[in-house]
Number of protein chains: 2
Amino acid sequence: MDKVTICVDAMGGDNAPGVVLEGVEAALRADEDLEVILVGPQDVVETFADGHDRCTAAFASEVIEMGEHPANAVRSKKDSSIVVGCNLVKEGKGDGFFSAGSTGAVLAGGVLRIGRIKGVKRPALCTIIPSPVRPVVMADVGANADCKPEYLVQFAHMATIYAEKIIGIDNPNVALLNIGSEEAKGSQFAQEAFALMKEQVPNFVGNAEGNDIIPANYDVFITDGFTGNMVLKTIEGTAKTLFKSVKGVMMSSTPRKLAGLVLKGGLKELADSISSDTYGGAPLLGVKGACIVGHGSSNATAIKNGVLITAKIARQKVPDLIAEAIAR
Amino acid sequence: MDKVTICVDAMGGDNAPGVVLEGVEAALRADEDLEVILVGPQDVVETFADGHDRCTAAFASEVIEMGEHPANAVRSKKDSSIVVGCNLVKEGKGDGFFSAGSTGAVLAGGVLRIGRIKGVKRPALCTIIPSPVRPVVMADVGANADCKPEYLVQFAHMATIYAEKIIGIDNPNVALLNIGSEEAKGSQFAQEAFALMKEQVPNFVGNAEGNDIIPANYDVFITDGFTGNMVLKTIEGTAKTLFKSVKGVMMSSTPRKLAGLVLKGGLKELADSISSDTYGGAPLLGVKGACIVGHGSSNATAIKNGVLITAKIARQKVPDLIAEAIAR
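Bear in mind that the values here come from a model prediction, so they are computed numbers and not experimental data. (Residues numbered from 1 in each chain as written. Chains lettered and ligands numbered in written order. Predicted model: local features only at pLDDT ≥ 70, side-chain atom pairs only at ≥ 80, totals over all residues. Heavy atoms only, no water.)

Draft legend 1. Spotlight on the overall build of chain A. The helix and strand inventory of chain A stands at 11 helices and 11 strands. Taken along its principal axes, the extent of the C-alpha atoms in chain A is 60 × 55 × 40 Å. Separation between the mean location of the 32 positive side-chain charges and that of the 38 negative ones in chain A comes to 2 Å. (Helix = DSSP H or I, 4+ residues; strand = E, 2+ residues; numbered from the N terminus. Lys, Arg positive; Asp, Glu negative; His and termini not counted. Charge placed at Lys NZ, Arg CZ, Asp CG, Glu CD.)

Draft legend 2. Expanded view of the relation of the copies chain B and chain A. When chain B is brought onto chain A, the operation consists of a screw motion whose angular component is 180° and whose axial shift is 0.0 Å, with 0.0 Å RMSD remaining. Here the copies are linked by what is in effect a two-fold axis. Rotation axis and chain B: the residue whose C-alpha lies nearest the axis is Ala-259 of chain B, separated from it by 2.1 Å. An overlap of 100% is found between the interface residues of chain B and their copies at the interface of chain A, pointing to a shared contact surface. (Least-squares fit on C-alpha atoms with pLDDT ≥ 70 in both. Contact = heavy atoms within 4.5 Å.)

Draft legend 3. Summary view of the interface of chain B and chain A. Contacts between chain B and chain A engage 48 residues on the former and 48 residues on the latter. Carbon and sulfur atoms supply 77% of the area that chain B and chain A bury against each other, a total of about 4,000 Å² over both sides. Three residues stand out in chain B for area buried against chain A, namely Ile-179, Phe-226 and Met-230 of chain B, and they jointly supply 15% of the buried area on that side. Where chain B packs against chain A, one counts 2 salt bridges. For Glu-209 of chain A, the salt bridge identified is with Lys-233 of chain B, shortest N-O distance 2.4 Å. Looking at the side of chain B that touches chain A, the elements with two or more residues in it are helix H7 (188-200), helix H8 (225-250) and helix H9 (254-273) of chain B. Looking at which element gives the most residues to the side of chain B that touches chain A, the answer is H8 of chain B, with 20 residues. Tallied by class, residues from the side of chain B that touches chain A come to 26 nonpolar, 17 polar and 5 charged. (Buried area = accessible area lost by both parts, 1.4 Å probe. Salt bridge = Lys/Arg side-chain N within 4 Å of Asp/Glu carboxyl O. Nonpolar A, V, L, I, M, F, W, Y, C, P; charged D, E, K, R; others polar.)

Draft legend 4. Just the packing of aromatic side chains, in detail. Under the criterion given, the structure shown has 4 aromatic pairs over all chains. On the basis of an interplanar angle of 85° and a centroid distance of 6.0 Å, the ring pair of Tyr-218 of chain A and Phe-221 of chain A is categorised as edge-to-face. (Phe/Tyr/Trp six-rings, centres within 6.5 Å; stacked < 30°, edge-to-face > 60°.)

Draft legend 5. Up close: the sheet that holds strand S7 (residues 174-177) of chain B. All names here are of chain B. Spatially, S3-S2-S1-S4-S11-S10-S5-S6-S9-S7-S8 is the arrangement adopted by the 11 strands of the open sheet, whose pairing is mixed. With one partner strand each, in any of the chains shown, strand S3 (55-59) and strand S8 (204-208) form the two edges of the open sheet. Here the strands of the sheet are splayed against their neighbours by 25° on average, with no regard to which way each runs. In this structure, strand S10 (residues 282-285) lies alongside strand S11 (residues 290-293), joined through 2 bridges in antiparallel fashion. Following the sheet pairing, Ala-282 is matched in S11 by Val-293. Along the sheet face, helix H10 (residues 300-315) touches strand S1 (4-9), strand S2 (34-40), strand S4 (96-99), strand S5 (124-129), S10 and S11 and points at about 140° away from the line of S1. (Pairing = 2+ DSSP bridges. Axes fitted to C-alpha atoms, helices over the stretch in contact; angles between N-to-C directions.)

Draft legend 6. Expanded view of the pairing of strand S8 (residues 204-208) of chain A. Residue and element names in this part refer to chain A. Most of S8 sits out of view: 4 of its 5 residues are buried. In terms of strand pairing, strand S7 (residues 174-177) meets S8 through 4 bridges, oriented parallel. Directly across from Val-174, in S8, lies its bridge partner Phe-204. This β-α-β element, S7 to helix H7 (residues 188-200) to S8, shows right-handed connectivity. (Buried < 20%, exposed > 50% of the residue type's maximum accessible area, 1.4 Å probe, protein only. Right-handed = clockwise from strand over helix to strand, strands pointing away.)

Draft legend 7. Seen up close, the environment of Ile-213 of chain B. Locating Ile-213 of chain B in the fold gives a position in the loop between S8 and strand S9 (220-222). Given the relative accessible area of 0%, Ile-213 of chain B is considered buried. Ile-213 of chain B sits 55 residues away from Met-158 of chain B along the chain, and the two C-alpha atoms are 19 Å apart. When near neighbours in sequence (up to four residues on either side) are disregarded, Ile-213 of chain B contacts Thr-234 of chain A together with Ile-129, Val-136, Met-138, Leu-177, Phe-221, Val-231 and Ile-235 of chain B.

Draft legend 8. How the structure looks around the sheet that holds strand S1 (residues 4-9) of chain A. All names here are of chain A. One open sheet accounts for 11 strands, arranged S3-S2-S1-S4-S11-S10-S5-S6-S9-S7-S8; its pairing is mixed. With one partner strand each, in any of the chains shown, strand S3 (55-59) and S8 form the two edges of the open sheet. Strand after strand, the sheet turns through a mean of 25° between neighbouring axes, direction not considered. Examined bridge by bridge, strand S5 (residues 124-129) and strand S6 (residues 136-139) share 4 bridges and lie antiparallel to one another. In the sheet register, Thr-127 faces S6, and the bridge partner there is Met-138.

Dropping the structure here:
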């Protein structure tokens, strides 16, 4: 594979730096052409980099905490791991940046430090929705709580490229999340977005409803960041509670416990297929470099997968393809 | 119990009139103080009414189909079962109206025919979210795709009464659906709604996220009709697909099939606990009478439960309590 250099925020996530270091180690083992620049406090990153081939250290003395105002923190904490990591990408020293830290701060770092691709109105947070049927793609899932309808046209172009190049969906179709399937349905915003997408997005196939997502009835779901984030967290909460309830049934008597043992392996596979850890992160599409946000609760596997998908996005030149699509 | 008269749309739903008649029969059996006015074509409703105590017939020669423009259909089809049923409530001949027909048409019938309670800016579609943890309440789930922040204050007052009187939740708390839990989070709309609710809704406790709904972390979830409908259908689609996948695991080998048999009863109970059929319908709150919309795919049990909950809303005088709360 092509050589690629990914900057990784050693301090990102609830269990940093421990699981981040574990995840980076696993990613380096899995991908022989991957180089990592580990960004964080000297005492954390230096020893690790010394002990690992293809890993160098970049020092960052500050950490942006989960509760801080993202844009303010990015502006004031110039020596934070997120800002230093994003700057390395901007300077061309890294091809991409991965962090499981504060989503807002990584988004702000991506926009303010790595910078928007020319012509992109608003970068969008895109994610793979892990469905047991097959993975599908959704954008925006939270970068832009307030959108104009025209932003959604660009989200559609960007998410299509992601679905094609990273998930490997051939000729993905695109649907607009709306309430009701007919053209004239939904809010004023959704109706305007529908009209623009119909005109400007060649692979647009119409409206999708909430119950089209997990059954994977379309390839790419486009929406504003408020709705997308709401839907994404609703799916997480629903799946988690249902699995817990199924487990509860399997613990409710001795025969059921025994039956549960027989099914354990299959249910574990099912749970893994819909776990966000499988993909490890959501890309901020529309900035000049791969920029991926991991879940705060990431374990080492999620970190590893997040770093590897960052490398894939960089190798597939997703930012360049987006620049071309937007310039058209 | 108090005598109560409910008008039922014989032609509402995918399997009407068959399952509607079955459901009405079951409801009449379950509630000895219930009277039903069955509304529909003479050949459907007359024979049934003749054969059942406490059931009378009201003729309506037209039917509003699922695809029709709701408000236009309600205005033009004056002899449709939905319009005739709503008129009976308006005239005081019925205490409530139940239909599993076109949601949009029932909402339009409720607003245009039964009429808004004085001071109510927008009636809201409210629903019980069937969680395996415990039932919670959400409004609006689709009556108003476009909302002003002040509507949500009234939705909160109305849904609180519903949660208390119909679900039996003591002193229900109210949360605003938003992305992020802190006060300053979310869209412009959500921030404005937060400020108003904080000031005007005594039982308001703050923001809730999508992953708070099915775990039942709050009692009443308030949102605009676009977000509410999206979230509701996302939950339905997620639960349905996950149950199908769990069944798939239980069919994937002979030992797993046997284990599945042991668990079948428990999983059926779990599936029932989250089935929308258990509650049978969503009330349009803010109109001068009980007005309940059933799921189009309702079976006889759902129809029965829908008619019984309409009776309960009428007996508990929910519309009167809403009028008092709004007048305050």
